[in-house]
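Chain by chain, the residues:
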Amino acid sequence: MTLHAFAGLFLDLSLAISLGLLALAFLLTTIRIILGPTLPDRVLGLDMLTSVAIGFIAVIGIDTGFTLYVDIAIALGLVGFLATVAFARFILARGKTGGDPDVEELPLENPGRGPQNEGISS
Amino acid sequence: MIADIGTIVAGLLIIAGSIFAAIAALGIIRLPDLYTRMHAASKAGSVGSGMMLIALAIMSDALPETLRAIAAVFFFLLTAPISAHLLAKAAYAVGYSMWEGSVLDEMPPLDVDEKDTATPAPEDGAMAERPT
């Protein structure tokens, strides 16, 4: 086997592995966003989702050759940064709501349907 | 020859980057409170996506694409700590509690009322009730 054939085979294998791992990362981050339990946890999940999406765009760009998507990755990073900053300002301006579940009730058995959800959806 | 070595290096980089991203997501789901989760997401997550963007920079043929991918890495490494710091500071100032197993909290309680006069409050008195 020549080096060229080995390189192509190895790239295909690593693309498959990394797409699977990134799908796992998407799934776990989405579970954290759904479970909550507080608003900063969900904002953190959103930030993580943005960074996983940037990595996913890079892997798709290698796989298909559409490196045009790098521009979309840059724009996504900018939008994610601005969204996180705006959410941090919102958390600071909102103050602590009375019904935020404390850490003692965490982590997974509390689905986080506290009163702080009403502040987000409105 | 050089292109094949670059391909192998890019494959190693995307495997390592996706492992970092998966470990960061696992940390988000498994760690006990917001601050430790933030530690997982903002460090391992940014390293993971940065490694995958560097792999794209190695693999792309045209020079502008390579430079754009490297610029994206720099931009991402600049903004990720800032957003994580802002989010952690806001959450700490508002009073989201740490994990009960935390052994040290050296940060004094932040004063939300004085710092945030520039931002209009969503309703009156929302900023007044701040836990000690």
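Residues numbered from 1 in each chain as written. Chains lettered and ligands numbered in written order. Predicted model: local features only at pLDDT ≥ 70, side-chain atom pairs only at ≥ 80, totals over all residues.

Participant: I'd like a description of the overall build of chain B, backed by residues and values.
Facilitator: Within chain B one finds 4 helices and 0 strands. For chain B, with 132 residues in total, the buried portion stands at 42%. Here the analysis covers contacts within chain B between residues at least 6 apart in sequence; of these, 56% occur between residues at least 24 apart. (Helix = DSSP H or I, 4+ residues; strand = E, 2+ residues; numbered from the N terminus. Buried ≥ 20, exposed ≤ 12 C-beta atoms within 10 Å, placed from the backbone. Contact = placed C-beta atoms within 7 Å.)

Participant: Talk me through the confidence of the model for chain A; I want residue IDs and the actual numbers.
Facilitator: Parts of the model with low pLDDT should not have their predicted coordinates read in detail. Residue and element names in this part refer to chain A. Across chain A, pLDDT averages 81, with 78% of residues at or above 70. The lowest-confidence element of chain A is helix H4 (residues 116–121), averaging 46 in pLDDT; the highest-confidence one is helix H1 (residues 3–35), averaging 93. Ignoring residues within four places in sequence, the model shows residues 103–122, a span with pLDDT below 50, making 35 contacts including any to other chains. (pLDDT = per-residue confidence, 0-100.)

Participant: Which residues make up helix H3 (residues 69–94) of chain A, and what values go with them?
Facilitator: All names here are of chain A. In this model H3 runs 36 Å from its N-terminal to its C-terminal C-alpha over 26 residues, within 8% of the 38 Å that 1.5 Å per residue would give. Listed in full, the buried residues belonging to H3 are Val-70, Ala-73, Gly-77, Gly-80, Phe-81, Thr-84, Phe-87, Ala-88, Ile-91, Leu-92 and Arg-94. Trailing H3 by a residue or two, Gly-95 shows a phi angle of about 80°, which is positive. (Expected span 1.5 Å × (residues − 1).)

Participant: Outline the interface of chain A and chain B, listing residues and values.
Facilitator: Listed per partner, the contact involves 55 residues of chain A and 64 residues of chain B. For the side of chain A that touches chain B, the elements supplying multiple residues, two or more each, are H1, helix H2 (39–64) and H3 of chain A. Here the side of chain A that touches chain B gets 17 residues from one element, more than from any other, and that element is H1 of chain A. Its residues placed into classes, the side of chain A that touches chain B shows 33 nonpolar, 13 polar and 9 charged. (Nonpolar A, V, L, I, M, F, W, Y, C, P; charged D, E, K, R; others polar.)

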